[in-house]
Amino acid sequence: MEPLLKLALDIEKPGDIKPSSSYKIKARVNLMEQIHAKKMKKKWWWFNPVVGVNQPVFAGSFKILVVVVVALIVFSTIGGGTVYASRDSLPGDTLYPVKLGTERIRRTFTTDDVDRVQLELVFSNTRLREMEALANKKSSKIDKSIREYEKNIGKAIEKVEQLRDDGAPDNMSETVASAISEHQSILDRIEINVPEEAKPSIRNIKERNSNNQAGILRILAREDPVRAAKINLDATQSWLERAEAKAVESGNGEVEVALHQFEARREFGNEISQVADAENNEANAVNEMHARATSRQLEILGTIYGKVTERGKNAVERAARLSVEGHYRAIESLKKSGISDNIRERPQLPDGIPARVKERILRNVHEEPEISK
Amino acid sequence: MTELDSLIQKAAGGNSEAFGRLYDMNVDRIYKHIYYRVGNTKVAEDLTQEVFLKAWQAIGRYKITATPFLAWLMRISHNLIVDSYRRKKDKIYLDDEFFVTEPSPNPEKAAEINFDKQRLRANILQLPADQQQVILMHFIEGFSYAEIASSLGKKEGAIRVIQYRALKKLRQILEKERDLR
């Protein structure tokens, strides 16, 4: 058996193979659409090619021709006034399919890739306004808006990735990444106002947005790692602030989810540093940003620690350790470049964390930070 | 009841949001497994999507106690991959990225090792479908024999036999290629 075992041991794991962000989004949206297909209303069956209800597959120019013909029929039959009136419609309203149909028409006639990205971001903002309106009405029927929002964001990301693959200069990844940051803030507000049964959907989309944003920042990091690091640090901070808010208002579960996202973004920050190092592009600036962010992160973690139960405290401890490790990693890189003098080398662990826990946090870190009494 | 079991139960009851979470939790693993079996991005993407569609259709019949959820998805993947092989008698073109080259301080040795790995990976794809599945699930994905058995609907003993035959066949293929060089 020895030769066979040797052969077996030679079979090593392949590299990290992952599906692209745009594929995952598109596939998820398609999956949800197919799951919901039976529930979709067929009221506008004669408008099918435009509104997409049970839409058959048309190819290229024939689809455009159909869209143009239907658009002419629609505008001549129901008038521009109806189209205008549909602008404020919400999922479930009679004119909502007209609204989506109008967007499809605009999409069809927008051929420039950069303009397409901008258009999808406009549409995604519309979806968020719909969700806000539904939340204010205490309606839980936000699933349609969520699905359409994910389609819009997915299309924007797909176009950015296509531009990258085509070798075009990257001037849209920052726009999309920044837009997602704004969307997260809006979704925070929406989550507060929606009925309880709709809150998990909003939380889930925030998590997916966070992952999608990281995918876009990877593209941005190659061109402008400082800007990518800044956006990522802001997102990291936002997740910590969400964890802090959840620690006050609800149980451990949501705190842990937010801390998990914080950790993922903090780790992603390390990835951006590595990209900057590898590309020899602004690595020092990136590392300095990460090092300076540590004290604020630890301060918030100290606050959270005092407000959660034992299980939550374990999550806080893990997050604090990650933050300290990241800090030392950044300092180490800066030291090699000889420019760490104006940065506090030893992060100060906050008062809110007991001394024995601080010792545990530091156990695997090579240098002992200053422990505040 | 674990969070996973809770999601499965909700999804089986028709909760699409819960199924969406199951998708998020498992899509990377399934894609990776399928990609390694077919070596082509487009095919892997299409098959991955089909896996989850079929899973949604069948989740009402899935029993939590019978098979781990991921192993159940692997079974669906295996069946779809086999169907895909049957439909596409021609070779599927492997992506360039399928053959990963890794940096090394000894370029010559590294090149030799990478070449062997490339051949090994390509040869794995020449094995019968069930042998491929066992090799990949055990050595690459880290599944236990019990989980693989559950995934393929066979007994553990049968899985060990399949693995033995697969490794033996791989050794024969590689030795034959070395003799020809």
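Just so it is clear, the model here is predicted, and its values are computed rather than measured.

Conventions and cut-offs
Residues numbered from 1 in each chain as written. Chains lettered and ligands numbered in written order. Predicted model: local features only at pLDDT ≥ 70, side-chain atom pairs only at ≥ 80, totals over all residues. Heavy atoms only, no water. Helix = DSSP H or I, 4+ residues; strand = E, 2+ residues; numbered from the N terminus. Buried < 20%, exposed > 50% of the residue type's maximum accessible area, 1.4 Å probe, protein only. Areas by Shrake-Rupley, 256 points an atom, 1.4 Å probe, with all protein chains shown as cover. Contact = heavy atoms within 4.5 Å. Axes fitted to C-alpha atoms, helices over the stretch in contact; angles between N-to-C directions. Parallel < 35°, antiparallel > 145°, perpendicular 65-115°, else oblique. Left-handed = near helix turned anticlockwise from the far one by under 90°. Nonpolar A, V, L, I, M, F, W, Y, C, P; charged D, E, K, R; others polar. Phe/Tyr/Trp six-rings, centres within 6.5 Å; stacked < 30°, edge-to-face > 60°. Lys NZ or Arg CZ within 6 Å of the ring centre and 35° of its normal. pLDDT = per-residue confidence, 0-100. Expected span 1.5 Å × (residues − 1). Salt bridge = Lys/Arg side-chain N within 4 Å of Asp/Glu carboxyl O.

## Some points on the overall build of chain A
- Scanning chain A from terminus to terminus reveals 14 helices and zero strands.
- Written out in order from the N terminus, the α and β elements of chain A read α-α-α-α-α-α-α-α-α-α-α-α-α-α.
- Across the 373 residues of chain A, 52% fall into the buried class.
- Working note: accessible area of chain A is about 18000 Å², and carbon and sulfur atoms make up 51% of it.

## Some remarks on the environment of N252 of chain A
All names here are of chain A.
- Its place among the elements puts N252 in helix α11 (residues 252-279).
- With a relative accessible area of 16%, N252 lands in the buried category.
- In sequence terms N252 and R311 are 59 residues apart; their C-alpha atoms lie 7.3 Å from each other.
- Those residues in contact with N252 that lie beyond four places of it in its chain are V308, T309, R311 and G312.

## Observations concerning the packing of helix α1 (residues 3-12) of chain B against helix α2 (residues 16-38) of chain B
All names here are of chain B.
- Remark: α1 packs on α2, axes separated minimally by 8 Å, with the N-to-C direction vectors making an angle of 130°. In terms of orientation, α1 and α2 fall into the oblique class. The handedness of the crossing between α1 and α2 comes out as left-handed. Contacts between α1 and α2 involve E3, L4, L7, I8, K10 and A11 from the first element and A18, F19, R21, L22 and M25 from the second.
- The residue inventory of the contact of α1 with α2, partitioned by class, reads eight nonpolar, no polar and three charged.

## Describing the side chain of N152 of chain A
All names here are of chain A.
- Among the secondary structure elements, N152 is positioned in helix α7 (residues 143-165).
- Since its relative accessible area comes to 1%, N152 is described here as buried.
- Every residue in contact with N152, bar those within four places of it in the chain, is listed here: R107, E120, F123, S124 and R127.

## Side note on the packing of aromatic side chains
- Scanning the model with the defined rule gives seven aromatic pairs over all chains in all.
- Ring geometry for Y23 of chain A versus Y31 of chain B: centroids 6.1 Å apart, planes at 40°, classification tilted. With Y23 of chain A in helix α2 (residues 21-36) and Y31 of chain B in helix α2, the pair connects residues from two separate chains. You'll find Y23 of chain A and Y31 of chain B in the same group, each marked buried.
- Seen in terms of ring centroids, F69 of chain B and W72 of chain B are 5.6 Å apart; in terms of plane orientation they differ by 40°. Their pairing is tilted. Taken as a pair, F69 of chain B and W72 of chain B lie in helix α4 (residues 69-87) at a separation of three residues, close to a single helical turn. Accessibility classification places F69 of chain B together with W72 of chain B in one group, the buried group.
- Three or more aromatic residues joined by ring pairs form one cluster here, namely Y23 of chain A together with Y31 and Y35 of chain B.
- Seen from the ring of W239 of chain A, R242 of chain A lies directly overhead, with NZ or CZ sitting 4.4 Å from the centre.

## Points about unusual backbone geometry
All names here are of chain A.
- For K138, which is not a glycine, the phi torsion comes out positive at approximately 60°.
- With respect to the element layout, K138 can be found in the loop between α6 (113-136) and α7.
- You can call K138 exposed: its relative accessible area is 54%.

## Some words on the confidence of the model for chain B
Residues and elements named next belong to chain B.
- Looking at chain B, the pLDDT average stands at 79 and 78% of residues meet or exceed 70.
- The secondary-structure element of chain B with the lowest mean pLDDT is helix α5 (residues 107-124), recorded at 66, while helix α3 (residues 41-58) shows the highest, at 91.
- Across residues 96-104 the pLDDT falls below 50, and counting only partners more than four positions away or on other chains, this stretch makes 17 contacts in the model.
- Complex prediction metrics read pTM 0.67 and ipTM 0.75.

## Description of helix α5 (residues 96-108) of chain A
Residues and elements named next belong to chain A.
- Compared with an ideal rise of 1.5 Å per residue, which puts 13 residues at 18 Å, α5 spans 19 Å between its outermost C-alpha atoms and is within 8% of the ideal.
- Summarising burial for α5: 10 of the 13 residues are buried, a large majority.
- Residues Y96, P97, V98, K99, L100, G101, E103, R104, I105 and R107 constitute the buried set of α5.

## Some thoughts on the pattern of salt bridges
- Per the counting criterion, the structure on display carries 35 salt bridges over all chains.
- Across the pair R28 of chain A and D24 of chain B runs a salt bridge whose closest N-O atoms are separated by 2.9 Å. One end of the pair, R28 of chain A, is in helix α2; the other, D24 of chain B, is in helix α2, on a second chain.
- Its salt-bridge partner being E191 of chain A, residue K246 of chain A comes within 3.0 Å of it at the nearest N-O pair. Of this pair, K246 of chain A sits in helix α10 (residues 225-249) while E191 of chain A is found in helix α8 (residues 173-193), placing the two residues 55 residues apart along the sequence. Across the pair, E191 of chain A and K246 of chain A agree in class, each one buried.
- One salt-bridge network, held together by shared partners, links D188, E191, R203, K206, R242, K246 and E254 of chain A.

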